[in-house]
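Observations on chain architecture
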Amino acid sequence: METKQCDEITEMVCLESDLQDGQMKAVEVDQNKILLVRNNGEFTAVGGLCSHYGAPLIKGTLVGDRVRCPFHGACFNTKTGDIEEFPGLDCLPKYKVKVEGGKVYVTTDKKKLKKRVKKMSGRVPGVTHTVVLIGGGPASLQCAETLRQNDYEGRIIMVTKDEQLPLDKTKLSKAMNIEIEKVLLRQNDFLQEHGIDVWTKKEVKSVDTKAKTLTFDDGTDQHYDQLLIATGGRARPLQCPGAELENVKLLESYKDAKEIHQMSAGNKAIIVGTSFIGMEVAAYLSDKAASVTVIGSSKFPFQSSLGPDIGKMTMQMLEEKNVKFYTSNGVAEIRGENGKVKEVVLKNGEVLPADIVIVGIGVIPNSNFLKETSLEIDSRNAVVVDKFMKTNIPDVFAAGDVVSFPLPLVGHKRVNIGHWQLAQAHGRIAGLSMLNQQVVINTVPYFWTMLLGKSIRYTGYGEGYTDIVFKGSTEERKFLAFYIKDEEVVAAASLNFDPAVARLADMLMMGERITKAQAQSDDLSWLQLP
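Residues numbered from 1 in each chain as written. Predicted model: local features only at pLDDT ≥ 70, side-chain atom pairs only at ≥ 80, totals over all residues. Heavy atoms only, no water.

- Looking at an unreviewed UniProt entry, the protein carries the name Apoptosis inducing factor mitochondria associated 4, with the source organism given as Carassius auratus.
- What UniProt records for the protein under Sequence similarities (unreviewed entry) is the sentence "Belongs to the FAD-dependent oxidoreductase family." (UniProt positions renumbered as here; feature names shortened; annotations may be inferred.)

1. Some remarks on the UniProt feature "domain: Rieske" (unreviewed entry) in the protein
- As annotated by UniProt and renumbered to match this structure, "domain: Rieske" (unreviewed entry) occupies residues 11–106.
- Counted over residues 11–106, helix gives 0% and strand 51%. Its end C-alpha atoms are 6 Å apart. (Helix = DSSP H or I, 4+ residues; strand = E, 2+ residues; numbered from the N terminus.)

2. Some details on the sheet that holds strand β34 (residues 454–460)
- Read from one edge of the open sheet, five strands run β33-β34-β37-β36-β35, paired in antiparallel fashion. Of all the strands in the sheet, the pair left with one neighbour each is β33 (446–451) and β35 (467–473). If you compare each strand with its neighbour and ignore which way they point, the axes differ by 15 degrees on average.
- Judged from the seven bridges that link them, β35 and strand β36 (residues 478–485) form a sheet pairing that is antiparallel. Residue pairing in the sheet places Val-469 in a bridge with Phe-482 of β36. (Pairing = 2+ DSSP bridges. Axes fitted to C-alpha atoms, helices over the stretch in contact; angles between N-to-C directions.)

3. Structural notes on the packing of helix α1 (residues 138–149) against helix α7 (residues 420–434)
- Where α1 contacts α7, the axes come no closer than 7 Å and their chain directions differ by 35 degrees. Helix-helix and strand crossings are classified by hand; for α1 and α7 the assignment is right-handed. Residues Pro-138, Ala-139, Gln-142, Cys-143, Thr-146 and Leu-147 of α1 pack against Trp-420, Ala-423, Gln-424, Gly-427, Arg-428, Ala-430, Gly-431, Leu-432 and Met-434 of α7.
- In terms of residue class, the contact of α1 with α7 is made up of nine nonpolar, five polar and one charged. (Left-handed = near helix turned anticlockwise from the far one by under 90°. Contact = heavy atoms within 4.5 Å. Nonpolar A, V, L, I, M, F, W, Y, C, P; charged D, E, K, R; others polar.)

4. With respect to α7
- In a regular helix each residue adds 1.5 Å, so 15 residues correspond to 21 Å; α7 covers 21 Å between its end C-alpha atoms and thus fits that length.
- The element α7 is largely enclosed, with a buried count of 14 among its 15 residues.
- Directly beyond the C-terminal end of α7, a positive phi value near 60 degrees is found at Asn-436. (Expected span 1.5 Å × (residues − 1). Buried < 20%, exposed > 50% of the residue type's maximum accessible area, 1.4 Å probe, protein only.)

5. Some points on the environment of Val-27
- Mapped onto the elements, Val-27 comes out in strand β3 (residues 23–29).
- Sequence-wise, Val-27 and Asn-40 are 13 residues apart; in three dimensions their C-alpha atoms are separated by 20 Å.
- Sequence-distant contacts of Val-27, defined by excluding residues within four places in its chain, comprise Val-13, Asn-32, Lys-33, Ile-34 and Leu-36.

6. Some words on the domain arrangement of the protein
- Once the domains are mapped, the protein shows domain 1 (8–109), domain 2 (130–232 + 366–435), domain 3 (236–362) and domain 4 (453–527).
- Here the C-alpha centre of domain 4 lies 30 Å away from the C-alpha centre of domain 3.
- Tallying the contact residues gives twelve residues for domain 3 and 13 residues for domain 4.
- Summed over the three residues of domain 3 that lose the most area to domain 4, namely Leu-306, Ile-310 and Met-313, the buried surface amounts to 51% of that side.
- On the surface where domain 3 and domain 4 come into contact, there are one salt bridge.
- Across the salt bridge formed by Glu-320 and Arg-477, the nearest N and O atoms sit 2.7 Å from each other. (Domains from an automatic or database assignment. Buried area = accessible area lost by both parts, 1.4 Å probe. Salt bridge = Lys/Arg side-chain N within 4 Å of Asp/Glu carboxyl O.)

7. Topic: helix α3 (residues 254–264)
- Of the positions making up α3, those classed as buried are Tyr-254, Asp-256, Ala-257, Ile-260, His-261 and Ser-264. Buried residues of α3, viewed axially, fall in a sector of 165 degrees; they line one side.
- Where the residues of α3 are buried, they touch β20 (248–250), β21 (268–272), α4 (276–285) and β27 (356–359).
- Directly beyond the C-terminal end of α3, a positive phi value near 75 degrees is found at Gly-266. (Arc of directions from axis to C-beta.)

In structure tokens, the structure reads:
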């Protein structure tokens with residue numbers, strides 16, 4: 001049954017008895033994909049596709065009034081549609097539901113919105129209070145949007161050394177030739193509408209926290225009332241003779257990605273490092289370069305983070321695409337001709353011909369410009385913050401890959417983690433702290449890597465794990481891996497095992513203890529997988 005009124009369409013989507021409390025159902029009204037949820041006898045309806053990359057939320061997990069995306073872990077309130085956990089910037093559209101005569105009806109409008117921007121204010125003329133955000137990544141952008149969502153009326157200036165507006169940098173190692181429009185997180189019009197000034201190609205050289213002044217590389221300066229340091233990390237450079245040659249590339253920007261794509265097409269590419277970046281670049285170039293060779297210091301890729309079995313599997317996946325590996329090895333020297341790379345000499349003496357060398361051997365927090373300040377910086381160059389993302393200096397906050405922050409999951413031990421989702425979570429908390437809304441950071445790390453169309457998901461904090469328990473197998477390329485420390489599950493990774501990692505993220509978020517015995521059991525009913 002369908003009724004139309006003005007620009008609204010109402011349809012019966014199911015019987016009241018079709019859904020029990022704690023269940024969800026995918027329905028469609030006028031081509032709108034909708035997630036229908038029943039909780040405590042009440043039906044609610046929100047958009048059915050995650051606002052991040054459009055994953056079907058019906059395949060995710062539901063805990064109370066919160067649905068978690070199976071792909072990358074974003075969470076949404078099923079009553080309001082609001083985003084509550086990242087990645088992604090936008091909320092879900094919310095639809096009217098009514099129950100009559102044992103039948104459930106959902107009403108949609110003609111707009112067919114897949115996502116909804118949270119209501120935001122703009123700058124109010126005459127208000128001089130200024131927040132400066134150093135860095136053009138997800139932490140800064142989320143902080144800016146959080147301020148405007150909470151009626152901040154002052155000036156917001158985002159300063160970035162990048163040439164572009166904030167980008168989805170997670171795509172740059174997976175689709176290196178992507179058009180700029182497809183990676184911009186927000187269009188310029190949007191930022192202007194909400195009074196978010198973005199200064200590109202501008203780098204902060206020093207900070208005077210007493211005078212509340214920043215000095216830039218071009219000699220200009222800027223006063224701030226509150227400051228966010230979200231400068232991220234820079235790629236660790238290769239330390240060997242020849243590392244300065246023209247075709248030795250780091251992947252840090254949109255321009256780098258484009259250049260690596262162009263320089264590698266039809267040429268011999270060598271990738272140094274078996275990190276997530278290095279492996280994603282190898283996968284991307286496998287059908288574009290004449291040859292792809294990966295040099296790694298460990299026996300397998302991801303060995304310390306994901307373990308040897310998953311590392312071996314990813315290595316085999318790439319070898320099937322003719323990627324060659326030199327593991328337990330390193331670069332002794334890069335030889336060039338006319339300033340360009342010609343060959344790479346390995347530590348074992350082998351010499352490999354090369355047209356381009358791409359280096360992915362880790363990141364260093366960008367905190368050097370803070371050396372003259374009294375900001376607390378740890379031994380790994382990370383800026384130390386508390387659970388409100390406050391530094392040790394009043395009105396100075398920090399967020400993202402540059403910080404060391406207390407993670408609830410490990411008893412509030414300070415950690416430095418470079419995940420996209422965490423940077424957004426930090427930015428939100430920092431924005432609220434600037435407005436004196438005391439909300440503590442409480443999130444579970446969640447990340448993903450994409451190789452040859454296969455996505456490995458990961459949640460938790462596995463540092464120091466002593467054992468891995470597998471369900472399924474890496475040979476079949478369908479598995480769930482539990483990382484064990486002190487007889488407890490501290491993290492999990494999966495491939496083709498959705499929504500297991502999303503479910504574990506929910507359990508870790510709620511502080512549930514998962515024992516090694518549970519992980520080892522053949523009975524996984526405690527995971528409540530469909």
